[in-house]
Amino acid sequence: MSSIGTELKINVRIDRLDGYKMSDIDFTCEFYVYTNRRVTMAKEHMVKADDDNYVALVDSSKLGTGTIRCRVTAHIPDADFDDGIRTEIEEVNTGITIVR
């Protein structure tokens with residue numbers, strides 16, 4: 001558990017990328033609790049730890065209290081789609097709960 005106002009470092013890793021590394025694809029992360037408050041972060045605004053891990057720096061005071069969830073939207077090259085891109089959306093529980 002963390003208190004409101006804690007600045008969090010959340011590691012983001014996407015599996016099942018058909019041989020691509022995270023550094024090869026475009027993606028965004030939306031961190032939220034079950035309220036109308038969200039923090040959306042594009043790949044270029046995260047810290048690259050290595051080719052398969054990015055770290056999002058999130059100020060919990062922008063989210064409020066509750067368990068933080070993350071929706072990752074990845075755009076993966078795939079020749080089977082008309083525009084050459086397949087969109088994958090994953091939602092995960094970060095395991096981080098913000099309290100007052």
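Up top is the structure.
Thresholds applied
Counting restarts for each chain: residues are numbered from 1 in the order of the written sequence. Where local features are concerned, this predicted model is filtered to residues with pLDDT of at least 70; where side-chain atom pairs are given and counted, the filter is 80 or more; whole-chain, interface and lining totals use all residues. Hydrogen atoms and water are omitted, and side-chain values are computed over all heavy atoms in the structure. Starting at the N terminus, helices and strands are each numbered in turn, a helix being any DSSP run of H or I of at least four residues and a strand any DSSP run of E of at least two. Between two residues, a contact is recorded if the distance between any of their heavy atoms is within 4.5 Å. In the analysis that follows, any N or O atom pair within 3.5 Å is treated as a polar contact, provided that within protein one partner can donate a hydrogen and the other can accept it, and provided that, for residues neighboring in sequence, both atoms belong to side chains. Partly exposed residues are those whose accessible area sits between 20% and 50% of the maximum for their type, while under 20% is buried and over 50% is exposed, using a 1.4 Å probe and protein chains only.

Engineer: Which parts of the structure should I look at to understand the environment of S61?
Structural biologist: Tracing the backbone shows S61 in the loop between β6 (53-59) and β7 (66-77). Each C-alpha atom, one on S61 and one on V72, is 21 Å from the other, the two residues being eleven residues apart in sequence. Sequence-distant contacts of S61, that is, excluding residues within four places in its chain, are made with I4, G5 and R37. At a separation of 2.8 Å, a polar atom in the side chain of S61 contacts the side chain of D59.

Engineer: Can you help me understand the environment of T97 in this one?
Structural biologist: Checked against the element boundaries, T97 lands in strand β8 (residues 85-99). A residue is classified by how much of its surface remains accessible, and T97, at 26% relative accessible area, is partly exposed. Along the sequence, T97 and D59 sit 38 residues apart, while their C-alpha atoms lie 13 Å from each other. Discounting chain neighbours no more than four positions away, the residues touching T97 are M1, S2, G66 and T67. At a separation of 3.2 Å, a polar atom in the side chain of T97 contacts the side chain of T67.

Treat this as a map of the structure, not an account of what it does.
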